[in-house]
Structure formats: C-alpha cells, structure tokens
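Now for the letters of each chain:
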Amino acid sequence: MRRSLTVAFCLLRSLAAVHPAAGQSLDPNGVVETPRPGGIVVELGYSMFWVKSFVTRTTGEENDFPGRLSFALGVLRVSYSPLRDLAAGVEIPYRWSRYADPGLDVSVQSRGSPGLGFFVDWSPASRAKRFLPAVRIEYLGARSETDRALTISDEVDRVAATLQVSALRGGLPADWTGIATLGFEYGLSAEIAPRHFESRVQVQVGPTLARLTSGDIHALLAVGYRQSASARQEGNFFHNRKSQGAFAGVVMEWDPSGGTRRGISLSALRDVWSPNALSGWRLGLSLKSFL
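Residues numbered from 1 in each chain as written. Predicted model: local features only at pLDDT ≥ 70, side-chain atom pairs only at ≥ 80, totals over all residues. Heavy atoms only, no water.

A. Structural view of the confidence of the model for the protein. Residues of the protein with pLDDT of at least 70 account for 78%, and the chain-wide mean is 78. Averaged pLDDT values over the elements of the protein bottom out at 46 in helix H1 (residues 2–14) and peak at 92 in strand S5 (residues 115–122). Between residues 1–26, whose pLDDT stays under 50, and residues either more than four places distant or in other chains, the model counts 87 contacts. Throughout residues 233–239 the model reports pLDDT below 50, and contacts reaching past four residues in sequence, or to other chains, amount to 37 contacts. (pLDDT = per-residue confidence, 0-100. Helix = DSSP H or I, 4+ residues; strand = E, 2+ residues; numbered from the N terminus. Contact = heavy atoms within 4.5 Å.)

B. Main features of the side chain of Arg77. One can find Arg77 in strand S2 (residues 62–83). Judged by relative accessible area, Arg77 falls into the buried class, the value being 6%. (Buried < 20%, exposed > 50% of the residue type's maximum accessible area, 1.4 Å probe, protein only.)

C. Examining the environment of Ala88 more closely. By secondary structure assignment, the location of Ala88 is in strand S3 (residues 86–101). Note on Ala88: relative accessible area 40%, which makes it partly exposed. In this structure, the C-alpha to C-alpha distance between Ala88 and Asp121, residues 33 residues apart in sequence, is 6.2 Å. For Ala88, the contacting residues outside a window of four places in its chain are Val78, Ser79, Tyr80, Phe119 and Val120.

D. Representation of the pattern of salt bridges. All chains considered together, the criterion is met by nine salt bridges. Salt-bridge contacts for Arg84 lead to Asp85; the nearest nitrogen and oxygen are separated by 4.0 Å. Residue Arg84 is classed as exposed on the basis of its relative accessible area, which comes to 55%. The exposure class of Asp85 is buried, given its relative accessible area of 7%. Where Arg158 meets Glu185, a salt bridge forms, and the shortest distance between an N and an O atom there is 2.9 Å. One end of the pair, Arg158, is in strand S7 (residues 158–167); the other, Glu185, is in strand S8 (residues 176–187), with 27 residues separating them in the sequence. If you follow the salt bridges from partner to partner, you end up with Glu43, Arg77 and Glu91 in one network. (Salt bridge = Lys/Arg side-chain N within 4 Å of Asp/Glu carboxyl O.)

In structure tokens:
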C-alpha cells in the first residue's frame with residue numbers, strides 16, 4: 001500500500017500536460033482534410049483517458065494506480081482554404097486533469113487551456129485516384145504553468161508534422177476503407193533535458209457496414225505504436241528515459257458524403273503494451289462540419 005501511494009505521489013508531482021493537439025497523443029478521430037476553395041471546416045473533438053495502471057520500463061509489470069486518475073481534452077479546430085488543396089487553421093484546446101482517492105479523502109484537479117495551435121494542411125484531393133495523401137504542419141505554443149501536482153501545460157512549445165494516407169472508395173478490396181497516419185513532434189523549449197521528441201504510427205482499416213442515402217457507416221480496427229524520447233507524454237517522472245506504447249481498439253464513423261470526409265467519429269482504444277507510461281482506456285469523439 002505504501003509503495004503504491006509513493007508511486008502515485010511521484011507521478012502526481014510531475015504530471016504535465018499532454019500534446020495540446022492530440023489529447024494524450026492518441027486521437028484517431030482527428031483526420032486531416034482541406035475544404036473546397038473558400039470553404040471552412042469546423043471540428044469539435046473530445047477525448048477521455050482513464051488511467052488503470054503504470055507500466056514499469058524494465059519488466060513491463062503493471063502497477064495498479066491507487067485512486068482514480070483521469071484526463072480529458074476538448075479541442076476546437078477551424079480551418080479556411082484560400083487555395084485549392086491548401087488550408088490554414090487555428091486550434092484551441094481545453095484540458096481537465098483529476099486525481100481522487102476516496103479511501104484517503106484526497107482529490108486534486110486542474111483545468112484550463114494549455115496553449116494555442118496554428119496549422120497548415122495540404123491535401124491534393126483533386127488529383128487523387130485510389131489513395132489521398134495529406135500533410136499537416138503545426139506549431140503549438142504552450143502557456144506558462146505553476147508547479148502544481150496536476151498541470152494542464154508543461155510549458156513546452158512544439159512543432160509537429162503529420163503524414164496521412166486515406167483510401168478512397170474502391171481503393172481497397174471488398175468495399176473496405178482505411179487510413180494510415182505517421183506523426184512526429186519536437187519540443188522547442190531549451191529548458192527540457194533531454195529535448196522532447198515523439199513519433200507515432202497508426203493504421204485504421206475496416207469494412208463499410210452500410211451505404212445509406214444520407215451517408216456511409218464504417219467500422220474500423222485501429223492499431224498503433226508511439227515512442228517518446230523523454231517520456232513526457234503521460235507525465236510520468238522518468239523524464240530521462242524512453243516511453244513507449246502500443247494500442248488497439250475500434251473506430252466507428254458516419255461519413256455523410258462518402259470518400260474521405262467524416263462527419264462523426266467515435267473511438268475506443270486500450271493500451272496493450274506501454275513500458276514507462278500510464279496505461280488505460282481512451283475514448284474519443286469528433287464532430288466535423290464543412291461550411
């Protein structure tokens with residue numbers, strides 16, 4: 001019991017905000033898409049992460065986290081396309097972090113905006129045949145934060161790049177659809193030692209369950225892997241060691257226009273291997289509107 005409480009205290013003392021754009025760095029609902037020239041895309045995303053355990057780096061043993069630790073992230077993204085295949089946008093995140101232990105009558109929480117993001121998207125939809133590539137370049141400015149047990153900002157500005165390839169209708173056999181994403185981010189703050197660097201790969205593939213007059217319904221299996229050089233992503237206190245994580249789950253989508261445009265996306269993911277990181281369930285919801 002004392003060992004578990006010590007682990008919990010050390011984790012809470014060093015918990016830092018997750019990448020403001022991705023929400024615990026796992027956001028399968030976020031898809032890079034550019035509107036028509038002169039058009040606007042408005043996206044509202046929400047993700048929730050319930051921590052079950054902390055996985056040790058050396059043995060991979062899962063230590064159940066005492067009490068209840070959870071993170072939530074809401075994100076508003078608005079992008080505008082001045083030219084064909086090109087768009088620029090702004091991202092406004094809002095985070096909630098909470099730890100509670102009913103047995104010890106302990107409750108710690110924090111909430112607020114961790115910063116502001118700006119991004120540029122490129123996606124040559126007009127020239128795509130079977131597969132549609134897309135690229136997002138993003139800058140995330142982190143706000144300053146006090147040294148609290150739970151924080152909503154780690155004060156690390158970031159640059160991020162995402163490469164995405166989506167299968168168009170007919171791109172995969174048997175009426176299936178899919179999307180593959182490769183992402184990188186780098187922390188710019190000179191005070192971080194070592195500097196923050198993270199990479200992530202994720203693949204979603206699955207059948208079209210129904211084609212309706214109002215849109216298509218897809219069920220996708222999602223699998224992925226991420227690696228962070230400084231283990232900051234989940235806020236644990238081993239900042240000088242690598243953090244890794246494999247995850248799997250399902251994504252349900254309603255695509256109102258067919259092809260690659262997604263109106264509603266709901267996901268459920270579970271960490272299946274995450275040395276030197278927190279482990280648990282992640283749920284995500286994304287609502288997108290093309291204006």
